[in-house]
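Remarks on the overall topology
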Amino acid sequence: MTKPRLEPDERPGMGNAATEPQWKEDFPIDWANDHFIARREFTKFMVVSSLGLFLGNGYLAVRGTAAGGAEPMAEQMIALVEEVQVGSARLFTYPGEADRCLLIRLAPDRFVAYSQKCTHLSCAVQYRPEPGDLFCPCHAGFFDPTSGDPTGGPPTRRLPRITLRIADGRIYATGVEV
Amino acid sequence: MIQPQHRRREQATVVLDTILVIVVVLVGIQLWLLTIGVEAYLGQERNLLWPSFGASALCLLINGYLLRYVLKLSRMVG
């Protein structure tokens, strides 16, 4: 298929194959050169972006490794032993006022405590004594109350565990194990 | 009549386009690796942080090599 041949436009300034406008002769554009330079500069920009992403990843790796060790936390009394019945749970905050946690009494002499924040999308998990699990109602996530490990639903990481110390009928939170 | 230099530029642009596609894909992979790094950092999963950093470093090395080639190509075509 051949292209229809356009008739030369005689109006001044309207270029065509027959008569190019004067400005094109005065200021010729080398399009091949232009395209080459534009792509070369864009490649440079992308490599600089690549360097930025590399540095960002390095920063996270260094910062994550440096912050890896368990930080000593202040001990805090959270409940009296007699206040928590077997098979029940009690809410408390640790280590900060906004960090809500669950203290669960699994057996007369066995207490466990976990962060209440679901490791999927941070909804509050609930202790259910009847099926014997920790349940996140947002997306039906399940955790094992004895270990905090995920047993079903979207969560893949275990709940942060609050380490406890019991002395003189009082329960103390002593730290957080992620 | 097409100038030889003009033709060389056109050919080099095709090579450059191919390199640019590879670089863009590698940067996309690095972006994905960064999201993995952020998620691992926030989830305190330290076992993923260094592998994602290593993979990102590899992408940067390839990109650096390709950029070096592009600059060399640029000098070659004049």
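Computed from a predicted model, the values in this text were never measured in an experiment.

Further remarks concern the overall build of chain A. Broken down by element type, chain A carries 2 helices and 10 strands. The contacts in chain A between residues at least 6 apart in sequence include a share of 37% that link residues at least 24 apart. Element-wise, carbon and sulfur atoms account for 56% of the exposed surface of chain A, whose accessible area totals about 11100 Å².

Moving on to a nonpolar patch on the surface. Together, V21, V25, I29 and W32 of chain B line one region of the surface with nonpolar side chains, adding up to about 400 Å² of accessible area. Of note, V21 of chain B is situated in helix α1 (residues 4-42).

Here we come to the sheet that holds strand β5 (residues 126-128) of chain A. Residue and element names in this part refer to chain A. The antiparallel open sheet is built from 4 strands, whose spatial order is β5-β6-β7-β8. Looking at which strands have only one partner, the edges of the open sheet turn out to be β5 and β8 (150-152). The mean angle between the axes of side-by-side strands here comes to 35°, regardless of whether they run parallel or antiparallel. Both strand β6 (residues 133-136) and strand β7 (residues 141-143) contribute to a ladder of 3 bridges, which runs antiparallel. Its bridge partner being in β7, F135 is matched across the sheet by F142.

Turning next to the interface of chain A and chain B. Counting from both sides, the interface comprises 28 residues of chain A and, opposite them, 36 residues of chain B. For the chain A and chain B pair, buried surface summed over both sides reaches about 3100 Å², with 73% attributable to carbon and sulfur atoms. Interface area lost by chain A to chain B is led by F36, L53 and N57 of chain A, which between them contribute 21%. Counting every contact that joins chain A to chain B gives 1 salt bridge. We note a salt bridge from R39 of chain A to D17 of chain B, for which the minimum N-O separation is 2.3 Å.

So, on to the nonpolar core. By size, the foremost hydrophobic cluster in this structure holds 14 residues, and its most contacted members are F36 of chain A together with A12, I19, V23 and V27 of chain B. Of all the secondary structure elements, the ones that give two or more residues to this core are α2 (31-66) of chain A together with α1 and α2 (46-77) of chain B. Apart from the residues lying within four places of it in its own chain, the contact partners of V27 of chain B are M46, S50 and L53 of chain A together with N63 of chain B. Judged by nonpolar contacts, the second largest core, of 13 residues, contains I78, V84, Y94 and A113 of chain A.

The next point concerns the confidence of the model for chain B. Mean pLDDT over chain B works out to 89, with 96% of the residues at or above the 70 mark. ipTM for the predicted complex: 0.91, alongside a pTM of 0.61.

Bringing the environment of H120 of chain A into the picture now. All names here are of chain A. Along the chain, H120 turns up in the loop between β4 (110-115) and β5. Residues H120 and R158 lie 38 residues apart in sequence; the distance between their C-alpha atoms is 9.7 Å. Apart from residues lying up to four places away in sequence, H120 is in contact with H139, P154 and P155.

Residue and element names in this part refer to chain A. Under the defined criterion, the tally for this structure stands at 6 salt bridges over all chains. The salt bridge involving K44 is made with E41; its shortest N-O contact spans 3.4 Å. With K44 and E41 both in helix α2, this residue pair falls 3 residues apart, about one helical turn. One salt bridge connects E75 with R165, and the closest N-O pair in it is separated by 2.6 Å. Here E75, found in the loop between α2 and β1 (76-80), pairs with R165, found in strand β9 (residues 161-167); they are 90 residues apart in sequence, far enough to count as distant. The exposure class of E75 is partly exposed, given its relative accessible area of 43%. We classify R165 as partly exposed; its relative accessible area is 36%. Bridged by salt links that share partners, the residues R40, E41 and K44 form one connected network.

Right, let's talk about the packing of aromatic side chains for a bit. On inspection of all chains with the given rule, the structure shows 4 aromatic pairs over all chains. Centroid distance F54 of chain A to F53 of chain B: 5.1 Å. Interplanar angle 25°. Geometry classified as stacked. Here F53 of chain B lies in helix α2 and F54 of chain A lies in helix α2, a pairing that spans two chains. A relative accessible area of 17% places F54 of chain A in the buried class. One Lys or Arg, R128 of chain A, reaches over the ring of F135 of chain A and ends 4.2 Å from the middle of that ring. Lying over the aromatic face of Y172 of chain A, R165 of chain A brings its terminal NZ or CZ to 4.8 Å of the ring centre.

About the criteria used
Residues numbered from 1 in each chain as written. Chains lettered and ligands numbered in written order. Predicted model: local features only at pLDDT ≥ 70, side-chain atom pairs only at ≥ 80, totals over all residues. Heavy atoms only, no water. Helix = DSSP H or I, 4+ residues; strand = E, 2+ residues; numbered from the N terminus. Contact = heavy atoms within 4.5 Å. Areas by Shrake-Rupley, 256 points an atom, 1.4 Å probe, with all protein chains shown as cover. Patch = residues over 30% accessible without salt bridge, like charges linked within 9 Å, V, L, I, M, F, W, Y side chains within 5 Å. Salt bridge = Lys/Arg side-chain N within 4 Å of Asp/Glu carboxyl O. Pairing = 2+ DSSP bridges. Axes fitted to C-alpha atoms, helices over the stretch in contact; angles between N-to-C directions. Buried area = accessible area lost by both parts, 1.4 Å probe. Core = buried A, V, L, I, M, F, W, Y, C linked by side-chain atoms within 4.5 Å. Buried < 20%, exposed > 50% of the residue type's maximum accessible area, 1.4 Å probe, protein only. pLDDT = per-residue confidence, 0-100. Phe/Tyr/Trp six-rings, centres within 6.5 Å; stacked < 30°, edge-to-face > 60°. Lys NZ or Arg CZ within 6 Å of the ring centre and 35° of its normal.

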